Amino acid sequence: MKLTIGNLCLAICLLGLAVFEQRGNAHSLEGDEVHSHRDVVDWPKNLLSLGEGEISGFMATSLPTAGKTKSVKRYADTPVQALPFQVFSKAVNLRWDENHLFVESNGMPEHSMMVGIRRWIGRFPMPQSYRGRNAWAIPLNPKPAAVPRSARTGFYRGAIAMAANGVPIFNPLTNGGRDTFLSKELDRFGGHAGNGEDYHYHIAPLHLQAQLGPEHPIAYALDGYPIYGLTEPNGQATGRLDAFNGHIGPNGDYHYHSSMSYPYVNGGFHGVVQERGGQVDPQPRSTLSRRQPFRADRNAVITGFQVIEPNRHYRLQYAAQGAVSSVEYSKGESGEWRFCFRLSNGFVGEETIVEGSSTGEGQPPGGAPRGRGDRRRPRPHRR
Ligand SMILES: [Zn+2]
Ligand SMILES: [Zn+2]
């Protein structure tokens, strides 16, 4: 038998004790706990103070260093909107026409993911195919909308902004009005994996400022207006902001700012956007097969995430009731993803999913097109 990553994973699975126990604890997100004021105040400090040990594997070398920003050269035909993305040129491909900047990425950030999540929705970060016709489009000529649209009352599905590192930013609120940050669904960088196994932020990725400095926006809202950090580009305090965290800045242009409490990013769209099916349209879709979320213990806290091989092989650990479980997933030679579950209750099993169908976070139940891809439920091994 040829030794592949997938086979190795399976072998590890088979070594485990094969006791299958169906767990009946549906993952519930009811009953939000609220972050203390201190947690919220410490948030950017936490994001910027992560040590090398917390950044996984190969990523350590590209760990941002506060105060050390990368300068980018602007050629005559480069739209100004491209500049912050160019700082992350290892992760992002750019192209543009007169109307749009197209941002291609796989949606996987350089920093560690998932660690610190206390309300895990059972999804895993997996590389996406945000490229070609499935790239992100930032309008280059934003126009103020006749009636600005609030993200408090809509746009619960899909992204509302695009971070400079190629990771989308979703509405901080769910359609039930729950604040994903306060309800501890997010990792230490303000992100998590959504229903398309797509990693995204729900709050401002302020850690990107370590590479960008205050002069660059950290993201662009999907209406085309930039989102700066907590200060003006010149480092001065922001003036009065509107309900969407925006204002006309010192240079006379409208822009948004980040904030430490809701709305965190753009609280809606000052500019014109098209809305379809509860999200900004068009926008890329996840290319992975739809499957049921993994049901971890309700009290699970994600404690570890390793990149074993970039874009191909990952391991996530979580703790519940003092015991550690792990899920390892890797891409096989024919493009399939094999998940290997080794749970603290003795369950050992695997699941394979195949790329090729689409899904997205917040799809209405039953309303989404069925995936074309193959899907198998976790299968216990018995001996
Ligand atoms: Zn999400
Ligand atoms: Zn401003």
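Not measured: the values here are computed from a predicted model.

S.K.: Before we go on, may I ask you to explain the sheet that holds strand β3 (residues 136-139) in this structure?
M.R.: Strands in a sheet are paired, the pairing made by backbone hydrogen bonds, and the direction either parallel or antiparallel. If you trace the 3 strands from one edge of the open sheet to the other, you get β1-β2-β3, paired in antiparallel fashion. Only two strands of the sheet have a single neighbouring strand rather than two, namely β1 (93-96) and β3. Taken over all neighbouring pairs, the strand axes of this sheet differ in orientation by 25 degrees on average, direction set aside. Where strand β2 (residues 100-104) meets β3, 4 bridges bridge the pair, whose relative direction is antiparallel. Each bridged residue has a counterpart across the sheet, and for Phe102 the counterpart in β3 is Ala137.

S.K.: So what exactly am I meant to see when it comes to the nonpolar core here?
M.R.: When a protein is soluble and globular, its nonpolar side chains tend to lie buried together. Counting residues in hydrophobic clusters, the biggest one holds 72 residues, and the most contacted among them are Ile160, Ala161, Met162, Ile169, Ile218 and Ala219. With 5 residues, strand β5 (residues 159-163) is the largest single contributor of residues to this core.

S.K.: In this structure, what is going on with the confidence of the model for the protein chain? I would like to understand it.
M.R.: Interpretation of the predicted coordinates at a detailed level should be avoided for regions scoring low in pLDDT. Averaged over every residue, the pLDDT of the protein chain is 80; residues scoring 70 or more account for 72%. Note that pLDDT drops below 50 for residues 1-42; the model gives that stretch 63 contacts with residues more than four away or on any other chain.

S.K.: Mind showing me how you'd approach the pairing of β2 here?
M.R.: The side chains of a regular strand alternate, residue by residue, between the two faces of the sheet. Because side chains alternate across β2, one face comprises the buried residues Leu101 and Val103, and the other comprises His100, Phe102 and Glu104, none of which is buried. Judged from the 4 bridges that link them, β1 and β2 form a sheet pairing that is antiparallel. Paired with Arg95 across the bridge in β2 is Phe102. As consecutive antiparallel partners, β1 and β2 are separated by 3 residues.

Rules used in this analysis
Residues numbered from 1 in each chain as written. Chains lettered and ligands numbered in written order. Predicted model: local features only at pLDDT ≥ 70, side-chain atom pairs only at ≥ 80, totals over all residues. Pairing = 2+ DSSP bridges. Helix = DSSP H or I, 4+ residues; strand = E, 2+ residues; numbered from the N terminus. Axes fitted to C-alpha atoms, helices over the stretch in contact; angles between N-to-C directions. Core = buried A, V, L, I, M, F, W, Y, C linked by C-beta atoms within 7 Å. Buried ≥ 20, exposed ≤ 12 C-beta atoms within 10 Å, placed from the backbone. pLDDT = per-residue confidence, 0-100. Contact = placed C-beta atoms within 7 Å.

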